[in-house]
Amino acid sequence: MNIEPFITPEVRDRLSRPTGDGGSCLPNTCYTDPAWLELENERLFARTWMFAGCLDQIAEPGDAFPTTIAGKPVVLVHGHDGEIRAFHNVCRHRGAIVVEEPCSNQTVLTCPYHAWAYSLDGALRTRPHFEGANRHDLSRSGPGLVPIRLGRWFRMIFLNLDGQAAPFEDFIATLANRLPKHDLGALRLYKTVEWEFKANWKLVFENYFDNHHIPTIHPRLNAFYPLSKRSAFQIDGGLLRTEYLIDEPQKGRGVGLPWYPGLTGDQARFAGGYFLFPSCCLQLWPDQLTVFQLFPIGPEHTVENLHIFLIGEATTDPAYAEAAQSVADMWDELNREDIGAIEWMQTGRHSPAFDGGVLSDIWDRQAQHFANLIVEAMT
Ligand code: FES
Ligand SMILES: [Fe+2]
């Protein structure tokens, strides 16, 4: 299937028009139709670098962590040789999932169905009873787990399913070159917070770029740093960003926790939010880095994770426990406010009175730009 039934000439026209002059966004069907999500999995998520998880989730040799990318089961593995690898999490025998739950201290990955065992480098080791009862295949000549191209940036792991994306270093440089030179090597994963809701994944990011909603949806955030001090997200190709200097950190963002080493002057006041198309979304504050990860379960059903990274001992020292928990609480409150709005927008996409929206030239150009990036990537 191709995208033309969804992206008609009329849709292309409104995507190409300025937001102040009839320009608009994707049609409702791109938020409600399972066929469009299938196309996104195939033509968007599988073709690019997708954030897949954190090194902390497979911190030790022998750790394995199952997850999904583009709707496909994959597994991240920390080998005893120290290598971090990723594989399609599917047994070459009859297609069972090999690793169902995060696990540690593994020397092999054993399929739960008929016990084919794979080395942590993916090679097939044994096939019990494969040639008849008690006639095991120990030849190691059978098919191994299928590897997936992997890129690493500090504690973040990215995968490219189709193996054809541009080099990872080029992809991540767009973001890395823009960030202030904080010592991201000091970060450790503190906690992953999860939410699940009835809305399309794209609305999460469209809401993320939309600073317009801060006074109405986030009264506490607006009291801390009002819309009048903010500008719209800057658009720079596949990178959208909002950056500002805070006068005083607020609870949950910069109070009571260690900061990145060596922050001085404006660096110590810097806060930024970044979205690198199509799925890498993170926030940098003086004491933390937070990374969103979305799992589209269906066109109207998304699981959202927020990985909260803090500086070194803040993740383990009980002296920081309360301040660290306040970070998770702050994000939970903020995100629940957003999820309400995201679900409103999802409901609206079933109305015949809405299709693409009437957009602000200031605050909504980002959503239209995102729509154009999607169409361009999928064409
Ligand atoms: S499906 Fe995995 S061993 Fe049979
Ligand atoms: Fe928000």
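Remember, it's a predicted structure, so these values are computed and weren't measured experimentally.

Draft legend 1. Representation of the overall build of the protein chain within the structure. Per the secondary structure count, the protein chain includes nine helices and 16 strands. What you see for the protein chain is a C-alpha radius of gyration of 22 Å, in line with the 21 Å of a compact globule of 379 residues. Residue burial in the protein chain is summarised as follows: out of 379 residues, 55% are buried. Per element, the accessible surface of the protein chain, about 16,400 Å² overall, is 51% carbon and sulfur. Measuring between centres, the 32 positive side-chain charges of the protein chain sit 4 Å from its 47 negative side-chain charges.

Draft legend 2. Molecular detail of the packing of aromatic side chains. Using the criterion set out here, one finds 26 aromatic pairs in the structure. With a centroid separation of 4.6 Å and an interplanar angle of 25°, the aromatic rings of Y225 and Y244 are classed as stacked. Pair noted here: Y225 is in the loop between α7 (219–224) and β11 (234–236) and Y244 is in strand β12 (residues 239–245), with a separation of 19 residues, a long-range link. The class for Y225 is buried, based on a relative accessible area of 8%. Of the residues examined, Y244 reaches a relative accessible area of 14% and is grouped as buried. Within the aromatic cluster, the residues linked to one another by ring pairs are F45, W201, F205, Y208, F209, F233, F275, F277, F292, W331 and F370. One Lys or Arg, R349, reaches over the ring of Y31 and ends 4.6 Å from the middle of that ring.

Draft legend 3. Fine view of the coordination of the iron ion (ligand 2). Protein-derived ligands of the iron ion (ligand 2) are H213 (NE2), H218 (NE2), D338 (OD) and D338 (OD), with the metal-ligand distances lying across 2.0 to 2.7 Å. In this structure, the iron ion (ligand 2) is coordinated by four donor atoms arranged in irregular fashion, with angles at the metal of 53 to 148°. For H218, a relative accessible area of 2% translates into the label buried.

Draft legend 4. Representation of the sheet that holds strand β8 (residues 149–153) within the structure. One open sheet holds the three strands; their spatial order is β1-β9-β8, and the pairing between them is antiparallel. The two strands at the open ends of the sheet, each matched to only one other strand, are β1 (50–54) and β8. Geometrically, the sheet is characterised by an average inter-axis angle of 35° between neighbouring strands, direction not taken into account. Of the pairings in the sheet, the one linking β8 to strand β9 (residues 156–160) comprises five bridges and is antiparallel in character. Looking at β9, one finds that R152 is bridged to I157. Where helix α4 (residues 168–176) meets the sheet, its contacts fall on β8 and β9, and the angle it forms with β8 comes to roughly 30°.

Draft legend 5. Structural detail: the sheet that holds strand β16 (residues 301–311). Judged by pairing direction, the sheet is antiparallel, and its seven strands sit side by side in the order β10-β16-β15-β14-β13-β12-β11 without closing on themselves. In this open sheet, the two edge strands, each paired with only one partner strand, are β10 (187–197) and β11. With strand direction ignored, the average angle separating the axes of adjacent strands in the sheet is 20°. Here ten bridges tie β10 to β16, and the two strands are oriented antiparallel to one another. The partner of E196 across the bridge, within β16, is V303.

Draft legend 6. The side chain of T19, seen in detail. Within the secondary structure layout, T19 lies in the loop between α1 (9–16) and α2 (29–32). Among all residues touching T19, those that are not within four sequence positions of it are L359, S360, D361, D364, R365 and Q368.

Draft legend 7. Region of the structure containing the environment of D287. One can find D287 in the loop between β14 (280–285) and β15 (288–298). Taking the C-alpha atoms as reference, D287 lies 9.8 Å from V327; in sequence the two are 40 residues apart. Once residues within four sequence positions are removed from consideration, D287 is found in contact with R253, G254, V255, L257, P258, W259, Y260, F309, L310 and I311. In terms of polar contacts, D287 uses its side chain to reach the backbone amide nitrogen of G254, at 2.7 Å.

Draft legend 8. Representation of the environment of I342. Here I342 is to be found in helix α8 (residues 321–348). On the basis of relative accessibility, which here comes to 2%, the residue I342 falls in the buried class. With 251 residues separating them along the chain, I342 and C91 place their C-alpha atoms 37 Å apart.

Draft legend 9. Local environment of the packing of helix α5 (residues 201–208) against α8. At a minimum axis distance of 10 Å, the contact between α5 and α8 shows a crossing angle of 120°. As judged from the angle between their axes, α5 and α8 are oblique. The way α5 lies across α8 gives a crossing that is right-handed. Between α5 and α8, the residues in contact are L203, V204 and N207 and D338, I342, M345 and Q346, respectively.

Draft legend 10. Up close: helix α3 (residues 34–43). All of the buried residues in α3 are W36, L37, L39, E40, N41 and R43. Summarising the contacts, the buried residues of α3 are in contact with α2, α5, β15 and α9 (365–378).

Draft legend 11. Focus on unusual backbone geometry. Looking along the chain, the bond that leaves F277 and enters P278 is cis, with omega of 5°. Of note, P278 is situated in the loop between β13 (270–276) and β14. In this structure, A115 is a non-glycine residue whose phi angle is positive, near 70°. Tracing the sequence through the fold places A115 in the loop between β5 (108–110) and β6 (117–119). Of note in the backbone geometry, N134 takes a positive phi value of approximately 60° without being a glycine. You can see N134 is positioned in the loop between β7 (124–126) and β8.

Cut-offs and rules
- Residues numbered from 1 in each chain as written.
- Chains lettered and ligands numbered in written order.
- Predicted model: local features only at pLDDT ≥ 70, side-chain atom pairs only at ≥ 80, totals over all residues.
- Heavy atoms only, no water.
- Helix = DSSP H or I, 4+ residues; strand = E, 2+ residues; numbered from the N terminus.
- Rg over C-alpha atoms; globule rule 2.2 N^0.38 Å.
- Buried < 20%, exposed > 50% of the residue type's maximum accessible area, 1.4 Å probe, protein only.
- Areas by Shrake-Rupley, 256 points an atom, 1.4 Å probe, with all protein chains shown as cover.
- Lys, Arg positive; Asp, Glu negative; His and termini not counted.
- Charge placed at Lys NZ, Arg CZ, Asp CG, Glu CD.
- Phe/Tyr/Trp six-rings, centres within 6.5 Å; stacked < 30°, edge-to-face > 60°.
- Lys NZ or Arg CZ within 6 Å of the ring centre and 35° of its normal.
- Donors = N, O, S within 2.8 Å, 3.2 Å for Na, K, Ca; no water.
- Tetrahedral: all angles 85-135°; square planar, octahedral: opposite > 155°, others 65-115°.
- Pairing = 2+ DSSP bridges.
- Axes fitted to C-alpha atoms, helices over the stretch in contact; angles between N-to-C directions.
- Contact = heavy atoms within 4.5 Å.
- Polar contact = N/O pair within 3.5 Å; in protein donor to acceptor, adjacent residues only side chain to side chain.
- Parallel < 35°, antiparallel > 145°, perpendicular 65-115°, else oblique.
- Left-handed = near helix turned anticlockwise from the far one by under 90°.

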